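Read off the chains here:
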Amino acid sequence: MLLQVVTSLAYGMEYHQAKDNCDSPNQNILINDHQRLGNQLQEWNKNYLVDGFSPINDEVYDQLLSKWQQRQRCLSLSDSLPQVPLPILTPLVKHPLPHTGLKKQNLNEITTWIAKRKEIWLQPKVDGVAVSLVYDNGQLVSLISRGNGVEGLEWRKKADFILDLPKVIPIKQRVILQGELFWKLNNHVQKQLGGLNARSKVAGWLMRKKLPEKIEDNIGIFIWAWPDGDLQQEVQLSRLSEIGFDLSKRYSHQVTSIEQIIQRQEDYFSTPLPFATDGIVLKSFPTPPSAAWQSNQNSWAIAWKYPLQNIISEITGLKFGVGRTGIVNVVASIKPVTLDAKQVSHVNLGSLNSWKKKDLLVGDHIQLTLAGHGIPKVEQVIWRVAHRDYPETMLLEQFNRWSCFSYSIECLPQFVARLTWLGKQLGIKGVGEKTWQQWAENYGLSQLLEWLSPSWQGQLPKTKTNLKHLEQLQKVADQPLAVWLKGLDIPLSNTEIKKIDTISMLYEPTIIKYLKLSDKREQQFKHWIEVTEIKLALQIIQEIKKPLAQANGLSRY
């Protein structure tokens, strides 16, 4: 049982930070970290737009960008990142038509958007690497990475090694297509499995300096735009299928209502697909003439992302709790987030040593996911504050399995944790952690079994609640010895505990041999039996068991 220590009395074991707002008391530190975040976002932009890969997924990037933009507005500065500078030596080529990008919108915005349009088509937002394909006289002559939307890398030579990419199409005039190279997956359910770094696999393959040595059958192509294709989307999709791009037709749907859109999004999120996706795309037809297309300007197509599976939050406080065995557990308070319809405001960081290895402090940003049974866990550290203000934890090092069998101010957390565990094993109803702590702090409960004493019980105020508690305390005498020993945290297994019939057996010289304990567990048992407070507790148990033993005709206990 973990007791969370939240009082300054318990050696300041809770650390908090002021709310992140425009009037932060640590303005200089905040602005410095804000500038560092802007630089990091620019570096990630370069990775994605120029180098063709991303160290973090879109969800994580979008959340950090939003945080940076909010701070920029607080400082009355532009919330747009500067254009990524293109390296002079990088062999970039110009797209024949720019990539317009997609604006991400929420459900309310989408509802407004579709109300103003007549013909709307829906496609999955395939999670891959965006490219332009150029065919002249039926031959593939260029394969260009998205880059900055205007210029990108020329990957035509590598196209020869992608099995699913048509090198020849039965159309003689020039054809310009835009689409997504993706890593093939078998019956992939996005809701269950996430992205599986599928995009990074494609990007890594494409960014190799040397040409591949063999044909790659794991990369597919999804065409999502034919700027100069037929104005009727249905005709355009059929034509794409005829020339070798059948996925576009298979995964395109005309929709007429927000209900259909919601259903399609859930379907693509929850049903098996041959690729990873991160949302859906809505397009209105007919699209503007290709001559009007501009980089990062798109009013006829929008994206609706899936519910966040990878969510970012900021650590706002650290709580150090001591359990009955002396293990210190660290819990982070975080800015509340919603993860899979669950409100999350705390996350367990593990033991003190585990926390130190993770190197997590107030102000750090972490990526959260849900582990088994819906428990939030830290997937990775996304962003660390530059100013590392480490709390003093030296006093926490004193706790171990053999500490705090009695009350002191320093021992309050572990002592109460021991009492809580004992009460749970004995089946004492209605007496939980808070009650044990109140009794220890305010009513002089200083020993593990002192609450059995009539004199101690007599000093409790005769409130209705206390009378109910006392009634419970008086029922524990007939609990089996095995339950008492487990409650006192004897270092034996349940099977071994059940072999002990009387208190006196614990002191018999042959007990170690009888229980067949290993050398390590023998030392633990000997240590436990010599603890002064345990000796006192065993004497008390023996005294309350004597009348029961005599009533049952037993000669010893």
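Residues numbered from 1 in each chain as written. Predicted model: local features only at pLDDT ≥ 70, side-chain atom pairs only at ≥ 80, totals over all residues. Heavy atoms only, no water.

Let's talk about the pattern of salt bridges
Evaluation of the coordinates by the stated rule reveals 24 salt bridges. Two residues, Asp-127 and Arg-199, come together in a salt bridge whose shortest N-O distance is 3.8 Å. Here the residue Asp-127 occupies a position in the loop between strand S5 (119-126) and strand S6 (129-136), and Arg-199 occupies one in helix H6 (residues 198-206), the gap between them amounting to 72 residues. With a relative accessible area of 9%, Arg-199 lands in the buried category. Among the charged side chains, a network of salt bridges with common partners joins Asp-62, Lys-104, Lys-125, Asp-278 and Lys-305. (Salt bridge = Lys/Arg side-chain N within 4 Å of Asp/Glu carboxyl O. Helix = DSSP H or I, 4+ residues; strand = E, 2+ residues; numbered from the N terminus. Buried < 20%, exposed > 50% of the residue type's maximum accessible area, 1.4 Å probe, protein only.)

A closer look at the packing of aromatic side chains
Taken as a whole and judged by the stated rule, the model has twelve aromatic pairs. A centroid spacing of 6.3 Å and a plane angle of 55° characterise the contact between Tyr-251 and Tyr-268, whose relative ring orientation is tilted. With Tyr-251 in the loop between helix H8 (247-250) and strand S11 (253-255) and Tyr-268 in helix H9 (residues 258-270), the pair connects residues that are 17 residues apart, well separated along the chain. Neither residue differs from the other here; Tyr-251 and Tyr-268 are each classed as buried. An aromatic cluster of at least three residues, connected via ring pairs, comprises Phe-182, Phe-222, Tyr-251, Tyr-268 and Phe-275. One residue, Arg-324, lies across the ring of Trp-421, its end atom 3.7 Å from the ring centre. Above the plane of the ring of Phe-405 lies Arg-418, whose end atom (NZ or CZ) is 3.8 Å from the centre. (Phe/Tyr/Trp six-rings, centres within 6.5 Å; stacked < 30°, edge-to-face > 60°. Lys NZ or Arg CZ within 6 Å of the ring centre and 35° of its normal.)

Things to note about the UniProt feature "active site" (unreviewed entry) in the protein chain
Mapped onto the present numbering, the UniProt feature "active site" (unreviewed entry) falls on Lys-125. Its place among the elements puts Lys-125 in strand S5. If we skip the residues at most four places from it in the chain, Lys-125 touches Asp-58, Leu-102, Ala-276, Thr-277, Asp-278, Gly-279, Ile-280, Val-281, Ala-303 and Lys-305. (UniProt positions renumbered as here; feature names shortened; annotations may be inferred. Contact = heavy atoms within 4.5 Å.)

Things to note about the pairing of strand S9 (residues 175-183)
Most of S9 is tucked away, with nine of its nine residues classed as buried. Pairing between S6 and S9: seven bridges, direction antiparallel. Bridging across to S9, Leu-133 finds its partner in Leu-177. The pairing of S9 with strand S10 (residues 219-225) spans six bridges and is antiparallel. (Pairing = 2+ DSSP bridges.)

Regarding the state of the cysteines
By the definition in use, this model includes one disulfide. Linked covalently through their sulfurs, Cys-404 and Cys-411 form a disulfide whose S-S length is 2.1 Å. Taking the torsion about the S-S bond as the criterion, the Cys-404 to Cys-411 disulfide, at about -70°, is left-handed. Residues Cys-404 and Cys-411 agree in their burial class; the two are buried. (Disulfide = S-S within 2.5 Å.)

Some points on the sheet that holds strand S7 (residues 139-145)
Strand order in the open sheet formed by four strands is S7-S6-S9-S10, and the pairing between neighbours is antiparallel. Sheet topology places S7 and S10 at the edges, where each strand pairs with a single neighbour. Between one strand axis and the next, the sheet turns by 35° as a mean value, whatever way the strands run. Against the sheet, H6 engages S6, S9 and S10, with an angle of about 115° to S9. (Axes fitted to C-alpha atoms, helices over the stretch in contact; angles between N-to-C directions.)

Notes on the domain arrangement of the protein chain
By domain assignment, the protein chain separates into domain 1 (27-75), domain 2 (92-305), domain 3 (311-396) and domain 4 (411-545). Look at where the C-alpha atoms of domain 2 and domain 3 centre, and you get two points 38 Å apart. (Domains from an automatic or database assignment.)

Description of helix H11 (residues 412-426)
Along its 15 residues, H11 runs 21 Å from first to last C-alpha, staying within 8% of the 21 Å computed at 1.5 Å per residue. Phi turns positive, to about 75°, at Gly-427, one or two residues after H11. (Expected span 1.5 Å × (residues − 1).)

A word on the side chain of Ser-252
Structurally, the position occupied by Ser-252 is in the loop between H8 and S11. By relative accessible area, which is 9% here, Ser-252 ends up buried. A polar side-chain atom of Ser-252 sits 2.8 Å from a polar atom in the side chain of Gln-123. Among the polar contacts listed, one links the side chain of Ser-252 to the backbone oxygen of Ser-248, at a separation of 2.5 Å. Setting aside residues no more than four positions away along its own chain, Ser-252 makes contact with Trp-121, Leu-122, Gln-123 and Leu-237. (Polar contact = N/O pair within 3.5 Å; in protein donor to acceptor, adjacent residues only side chain to side chain.)

Observations regarding the sheet that holds strand S13 (residues 301-305)
Sheet strands associate in pairs through backbone hydrogen bonding, adopting either a parallel or an antiparallel arrangement. The mixed open sheet is built from five strands, whose spatial order is S4-S13-S12-S5-S11. Of all the strands in the sheet, the pair left with one neighbour each is strand S4 (103-104) and S11. Relative to S11, S5 is paired through three bridges, and the arrangement is antiparallel. In the strand pairing of S11, Trp-121 is matched with Gln-254. Sheet contacts for H9: S5, S11, strand S12 (277-285) and S13; angle to S12, the most-contacted strand, approximately 145°.

Comments concerning the packing of helix H3 (residues 107-115) against H9
Any two packed helices are characterised by how steeply their axes cross, that is the angle between the axes, and by the distance between the axes. Contact geometry for H3 and H9: axes closest at 10 Å, N-to-C directions at 130°. Looking at the two axes, H3 sits oblique to H9. Both H3 and H9 take part in a crossing whose hand is right-handed. Counted together, Leu-107, Ile-110, Thr-111 and Ile-114 of H3 and Ile-258, Ile-261 and Ile-262 of H9 form the full contact between these two elements. Each residue belonging to the contact of H3 with H9 can be placed in one class, and the counts come to six nonpolar, one polar and no charged. (Parallel < 35°, antiparallel > 145°, perpendicular 65-115°, else oblique. Left-handed = near helix turned anticlockwise from the far one by under 90°. Nonpolar A, V, L, I, M, F, W, Y, C, P; charged D, E, K, R; others polar.)

Topic: unusual backbone geometry
Geometrically, the link from Phe-285 to Pro-286 is a cis peptide bond, its omega value of 0° lying close to zero. Residue position: Pro-286 is located in the loop between S12 and S13. Notably, Leu-196 is not glycine yet its phi reads approximately 55°, a positive angle. Mapped onto the elements of the fold, Leu-196 is located in the loop between helix H5 (190-193) and H6. The phi angle at Asn-197 is positive, at roughly 55°, despite the residue not being glycine. Looking at where Asn-197 falls in the secondary structure, it is placed in the loop between H5 and H6. Judged by relative accessible area, Asn-197 falls into the exposed class, the value being 59%.

A short note on the environment of Ser-333
Among the structural elements, Ser-333 can be located in strand S15 (residues 328-339). Sequence separation between Ser-333 and Ile-315 is 18 residues; the distance between their C-alpha atoms is 5.9 Å.

A closer look at H3
By the burial criterion, the buried members of H3 are Ile-110, Trp-113 and Ile-114. Buried residues of H3 fall within an arc of 90° about the axis and therefore sit on the same side. Pointing more than 90 degrees away from the buried face of H3 are the exposed residues Asn-108 and Ala-115. By the N-cap criterion, in which a side-chain oxygen at the helix start approaches the backbone nitrogen of a residue two or three places on, H3 is capped by Asn-106, the distance to Asn-108 being 3.2 Å. (Arc of directions from axis to C-beta.)

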